[in-house]
Structures are given as C-alpha cells and as structure tokens.
Amino acid sequence: MSASVDIGNVTLTYKGMSGGVLALKGTSLAVRRGEFAAVVGPSGCGKSSLMKLVTGLVNADSGSIVIAGNKVVGPVKIAGMAFQNPNLLPWRKVIDNVLLPLEIVQPYRSNFRQQRAQYREQAEALLKTVGLGGFGDRYPWELSGGMQQRASLCRALIHQPALLMLDEPFAALDAFTREELWCVLRDLWQKIGFTVILVTHDLREATFLADTVHVMSARPGQIVVSRPVDLPRPRDLDICFEPHFTEIVHELRAKIAEVRQR
Amino acid sequence: MNALAGKLSPWLFTLGLFVIWEAACRAFNIDRFILPPPSEAFAAMVQYWRPLARHSFVTLWTTMAGFAIAVAFGIILGLIVGWSRTIYRGLYPVMVGFNCIPKVAVVPILIMWFGIGEVPAILTAFLISFFPIVVNVATGLATMEPELEDVLRALGARKLDIMLKVGIPRTQPYLFGSLKVAITLAFVGTVVSETVGANAGLGYQIALAGSNFQMAIVFAALLLLAIEGIAMYAVFAWIETYFTRWAFRSSMSAAA
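Residues numbered from 1 in each chain as written. Chains lettered and ligands numbered in written order. Predicted model: local features only at pLDDT ≥ 70, side-chain atom pairs only at ≥ 80, totals over all residues.

K.L.:
Mind showing me how you'd approach the overall build of chain A here?
P.N.:
Counting its regular elements, chain A contains seven helices and ten strands. Taking 262 residues into account, the globule formula puts the C-alpha radius of gyration at 18 Å, and chain A, at 18 Å, falls close to it. Principal-axis analysis of the C-alpha atoms places the extent of chain A at approximately 55 × 45 × 35 Å. Counting over 262 residues, chain A shows a buried share of 45%. Put simply, 73% of the contacts in chain A that link residues at least 6 apart link residues at least 24 apart. (Helix = DSSP H or I, 4+ residues; strand = E, 2+ residues; numbered from the N terminus. Rg over C-alpha atoms; globule rule 2.2 N^0.38 Å. Buried ≥ 20, exposed ≤ 12 C-beta atoms within 10 Å, placed from the backbone. Contact = placed C-beta atoms within 7 Å.)

K.L.:
Before we go on, may I ask you to explain the overall build of chain B in this structure?
P.N.:
A tally of helices and strands in chain B yields eleven helices and zero strands. Seen along its three principal axes, the alpha-carbon backbone of chain B occupies a region of about 75 × 60 × 30 Å. Within chain B, contacts between residues at least 6 apart in sequence are counted, and of these 76% link residues at least 24 apart.

K.L.:
Help me understand the nonpolar core, please; the structure alone is not making it clear to me.
P.N.:
In globular proteins that are soluble, nonpolar side chains generally tend to be buried together. By size, the foremost hydrophobic cluster in this structure holds 92 residues, and its most contacted members are A:Val40, A:Val98, A:Cys154, A:Leu163 and A:Ile197. The element contributing the most residues to this core is helix H2 (residues 94-104) of chain A, with seven residues. When residues no more than four places from it in sequence are discounted, the contact partners of A:Ile197 are A:Val5, A:Val31, A:Ala37, A:Val39, A:Val54 and A:Met165. Membership of the second largest hydrophobic core comes to 52 residues, among which are B:Ile128, B:Phe130, B:Val134 and B:Phe219. (Core = buried A, V, L, I, M, F, W, Y, C linked by C-beta atoms within 7 Å.)

K.L.:
Which parts of the structure should I look at to understand the environment of A:Val259?
P.N.:
Residue and element names in this part refer to chain A. Tracing the backbone shows Val259 in helix H7 (residues 243-261). The exposure class assigned to Val259 is partly exposed, which follows from the 18 C-beta atoms found within 10 Å. In this structure, the C-alpha to C-alpha distance between Val259 and Met216, residues 43 residues apart in sequence, is 8.0 Å. When neighbours within four sequence positions are excluded, Val259 is seen to be in contact with Pro42, Val215, Ser217, Ala218 and Val224.

K.L.:
Explain the sheet that holds strand S7 (residues 163-167) of chain A to me, please; I cannot follow it from the model alone.
P.N.:
The strands making up a sheet associate through backbone hydrogen bonding, with each pair oriented either parallel or antiparallel. Residue and element names in this part refer to chain A. Spatially, S6-S7-S8-S3-S9-S10 is the arrangement adopted by the six strands of the open sheet, whose pairing is mixed. In this open sheet, the two strands that pair with only one neighbour each are strand S6 (79-83) and strand S10 (223-228). Neighbour to neighbour, the strand axes of the sheet diverge by 15° on average, direction disregarded. Relative to strand S9 (residues 212-216), strand S3 (residues 36-40) runs parallel, the two being bridged by four bridges. Considered in S9, the bridge of Ala37 is made with Thr212. (Pairing = 2+ DSSP bridges. Axes fitted to C-alpha atoms, helices over the stretch in contact; angles between N-to-C directions.)

K.L.:
Please clarify how helix H3 (residues 116-129) of chain A should be interpreted in this entry.
P.N.:
At 3.6 residues per turn, the α-helix brings residues three or four places apart onto the same side. All names here are of chain A. Compared with an ideal rise of 1.5 Å per residue, which puts 14 residues at 20 Å, H3 spans 20 Å between its outermost C-alpha atoms and is within 8% of the ideal. Along H3, the residues classified as buried are Tyr119, Ala123, Leu126 and Leu127. Down the axis of H3, the smallest arc covering the buried residues is 100°, so these residues share one side. For H3, the exposed residues lying more than 90 degrees away from the buried face are Ala117, Gln118, Glu121 and Ala125. Residues of H3 that are buried in the fold lie against H2 and helix H4 (145-157). With its phi angle positive at about 85°, Gly131 sits one or two positions after the end of H3. (Expected span 1.5 Å × (residues − 1). Arc of directions from axis to C-beta.)

K.L.:
I keep staring at the packing of H2(A) against H4(A) and nothing clicks. Help me out?
P.N.:
A pair of packed helices is captured by two measures, namely the crossing angle of their axes and the spacing between those axes. Residues and elements named next belong to chain A. One can describe the packing of H2 onto H4 by two numbers: an axis separation of 7 Å at closest approach and a directional angle of 30°. Considered as vectors, H2 and H4 are oriented roughly parallel to each other. Every pair of crossing elements has a handedness; the one defined by H2 and H4 is right-handed. Of the residues in H4, those in contact with Val94, Asn97, Val98, Leu100 and Pro101 of H2 are Ala151, Cys154 and Arg155. Among the residues making up the contact of H2 with H4, the classes are represented as six nonpolar, one polar and one charged. (Parallel < 35°, antiparallel > 145°, perpendicular 65-115°, else oblique. Left-handed = near helix turned anticlockwise from the far one by under 90°. Nonpolar A, V, L, I, M, F, W, Y, C, P; charged D, E, K, R; others polar.)

K.L.:
How do you make sense of helix H5 (residues 103-114) of chain B when you look at a structure like this?
P.N.:
All names here are of chain B. Counted at 1.5 Å a residue, the expected span for H5 with its twelve residues is 16 Å, and the 16 Å between its end C-alpha atoms agrees. Check the buried side of H5 and you find it contacts helix H6 (118-142) and helix H8 (159-196). Gly115 occupies a position one or two residues after H5 and carries a positive phi of about 80°.

K.L.:
Is there a simple way to think about unusual backbone geometry in this case?
P.N.:
Peptide bonds are, in most cases, trans, and in most cases residues other than glycine have a negative phi. Residues and elements named next belong to chain A. At the junction of Arg233 and Pro234, the peptide bond is cis and its omega measures out at -5° in the coordinates. Positive phi outside glycine occurs at Asn9, with the angle close to 55°. Locating Asn9 in the fold gives a position in strand S1 (residues 5-16). The backbone phi angle of Ala68 is positive, close to 50°, even though this residue is not glycine. Note on Ala68: 16 C-beta atoms within 10 Å, which makes it partly exposed.

K.L.:
Just checking my understanding: could you explain the pairing of strand S8 (residues 195-200) of chain A for this structure?
P.N.:
Each regular strand displays side chains that alternate between the two surfaces of the sheet. Residue and element names in this part refer to chain A. Where burial is concerned, most of S8 is hidden: six out of the six residues are buried. The sheet contact formed by S3 and S8 spans five bridges and is parallel. Bridged to Phe36 within S8 is Val196. Across five bridges, S7 lies against S8 in parallel orientation. Its bridge partner being in S8, Leu164 is matched across the sheet by Val196. Crossover S7 to S8 through helix H5 (residues 175-192) is right-handed. (Right-handed = clockwise from strand over helix to strand, strands pointing away.)

K.L.:
Sorry, what's going on with the confidence of the model for chain B here?
P.N.:
One rule of thumb: low pLDDT means the predicted coordinates there are not for detailed reading. Residues and elements named next belong to chain B. Per-residue confidence for chain B averages 89 on the pLDDT scale, and 96% of its residues sit at or above 70. Counting contacts from residues 252-256, a segment whose pLDDT is below 50, to residues more than four positions away or on other chains yields 13 contacts. Scored by ipTM, the complex comes to 0.79, with pTM at 0.80. (pLDDT = per-residue confidence, 0-100.)

K.L.:
Just to check I follow, could you spell out the pairing of S3(A) for this structure?
P.N.:
Summarising burial for S3(A): five of the five residues are buried, a large majority. Judged by which residues are buried, S3(A) turns out to be covered on both faces: A:Phe36, A:Ala38 and A:Val40 on one side and A:Ala37 and A:Val39 on the other are all buried.

Put into structure tokens, the structure is as follows:
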C-alpha cells in the first residue's frame, strides 16, 4: 500500500506577531507511488512546513496538494509521522505507545477493544523487525535514544500508512546508531513498500536512502534541484564509500552552498 | 550507615530543634508568657488532650473538606483553562487578581453569609488552595509537545482524543505536585478563618487560649497544627510518587 504525492505550485505564509512570514513560494514536488524521496536544504528553509502541508495540518494559501489522487483539505489520516524527538508517552509501555495510532484512526479505532490481542501481535512483530523484540513491556525511559527512535518508527507505521513523513528522525543520534537506523528504515521500506518523504540535513543519509533527493532553497522555500540517485538497490552501507556515492553527495553539497549564498 | 542516617535525619533535626528551644528558654530565663519551653507545650498537650483532640479533629476535617472541593474545582477549572488559549487569556488575570486578595479579608464576608461555624472555614480553605491546582493542571496541558499533537492530528484525532490520550495523563505529575502545596495552604485557610470567627478548631483554640494568656496551650495547638500539616503532606507526597512513578524516572519531570 502506497500513495503518490503531488505538490503543485504551493505558497504558504505564517501569520506571526511581526507580520507574515513567507515560508514557501511556488513550491512544486512530485513523489511517485512507493518512492523514497528526501528533501534537503539549509536550515529554516520551510522543510517542516512542507511536512505539515502534506499531512494536512496546515492549509496552503494557494496551489494544491494531491495524495493518491485526492486533494488534501484536512488531516490525511493515511500518513505516519516521526520526528527528531521520539516523543513517546512515558506513562505507556513501548507496545502501548506503538498501538496509540490504532486507538485514534479508523477503521482500527472502532474495533480496537475486540481486536486488541491481534493488534498487539502485529505491534510485537513490527517491534521485532526493528530489533526491539521483547522490549514491548518496557517503558520508554528504560530504552536508549536509538531504541526510542526505533519504537517511534513503529508507531508511525503500525496503522499501515501509505505515506511515511520523517522530519530529521535520526538527527539526535550518534553516528553509529544513525547508520544502524538507516538500515532499519531501508529494510522496512523494502519490505512494506510505502511512500516516504524524508526531511534531513544529512546529505549522506539522503543519498543512501532515497530514490530522489530534492534540494530546497532558503526561505521562501522552493525546490531548486531534484537529483535522482542512480545507485543500485538493495544498497549496503559500504556503498557510502564508493566514488559515485561521494560524487552525488558532492554535487548536492555544492548546490546547497549555492542556494545559501543567495 | 548512610541510608540509616538519611532515614533518621528528619527526626534528629526535629529533636534538635526542640532541644535548642528548651535550652534557650532555660538559659535566657525567658518569660513563659512570651515563649513557653516545648516541655510545657507537650505537658499542656497531655493535660488538655480532650479539648485539643476535639479541636484538632475539627480543623482536620474542615481542611480536608475545603481541600477536596479545591481539588475537584481546581482540576475542572484547570482543564478548561488549559483547553483553550482564549479562555486561558481571559480567565488568567481574573484568577491572579482573586488570588492576590488576602483571604483573611474575605472571612468576615463568609461569616456574614454563612454564620459562625465550619462553613466559613471550609470555604476559606477551598479559596486559598485551589489556585496552585488550577495553574499546575493548566500548565500540564499547555506544555504538551506540539510534535506529538501533530502526530495525532494528522491521524484525524479530535481535540478530545488528544486530551484523553495525552493531555490529561501528562498533567498528572503537575497535579500531584500541586496537591502537596495546596494541602498546606488549606490548613492556613482553615486556621485563619477559625481565628477570625469560629466556635471550634485549633485556630479558635489558639485565639481563645491566647486571650487567656495560656501560652502553653497556644503552642501545643500550634504544634498539633504542624503535625497535621506534615502528616497530610506526607500522604500526598506518597500518592504522588505512587501514581506518577514514570515522571520521576523519565526526563519529563518538570513538576517534580
């Protein structure tokens, strides 16, 4: 299950205390069904605004957002989200944190009580695929940062979303844990096949994971370059040391340096 | 050894305070109408145990009654205030203003309305102790992580869902933290009211014995008040750690 995303000529202004801030201006971006897209750019370029637009949390001033053929007018309900901060609820066990979306989103919501055992099994299975088998009955504060982020990914995926939105999910982790989680995400994506939009600062992360890397300009944000990553799949971490990988990262880096100048 | 010292230290410090007090009274030959030594206060406690027990009980139950109303009212008002930014903005100045009014000035009004008795004491305890509960409950709701709200809203969660799943549970440590503050305030309220006008309670006993120059009884009543306050504080501190163990372990322990 996956969905295409089409962002067409979108403009977004935030109304602040000291006048409006133009976050996005004429931004266009297309993501195919099942594609892994990464969005990179200088800080404050409106990448997070893009996340909120696509999930229907804010409405654009002009332009349109179409997900799986439907125009977005409100919360999309078919998206999973994860952020830099895992944001797990400390009073719930890991498994109950993962199950939280099922208590909210239909059709799971109405039969959550009856099907609880089955959903628990699904959650356990999902935890196992990210390497958290047997940790379901722990509390979040008993887990390391990397493990919490794994659980956060599970929470984003438990309701089998067609679209996964990630806002710098690995930015707060150490380098080794981060690379480990790249592989976790890669495997989940290859196994389940949802569409991903990953917002990140890390060019290596974007290049390693994505099919296409979109470079955003400084505020007001616009997609200035969409670079397809023509590295073969399945990719292994060793690919990060191949010349072609480095070439792509270099190219992206040059582009970002250029848009920061402007 | 250290654990034992930690357990004993509150008792040792209390005992030390009484020893210093007793020694000072004797060494400086302080007039017992000014400051009676603790031995006399305790002796008065034993001698007049029947009336003191009765007044202690009255103070305890009126305080708890006022406190119970404050908890119920405080939680409801806190949830309302924390629910919407507009209500928060509108109601907050009013509450701050109300909280600034010395409650001792309100007691005569309450006595005019409800007569001498337990009702003004209960209401004063309520009025003085609900404010920290409201503020803490509202703070617990207002400091909810916006990203977590986004996660749930993107799934189509309504405001009520977010409140029930996240807002209200995460308010718990703030609430229980505020109860410890509120219970001690409630005692202040009750005693203020009893001192101004009542026919029972430790505040009444203090005022009565004071006007008869029975300073030993005054201090005996004060000590009993302190004991009641410490006991109730301990109860709510225990409830706090019991119900919100997760808040003490996790990083989110702003109210602890």
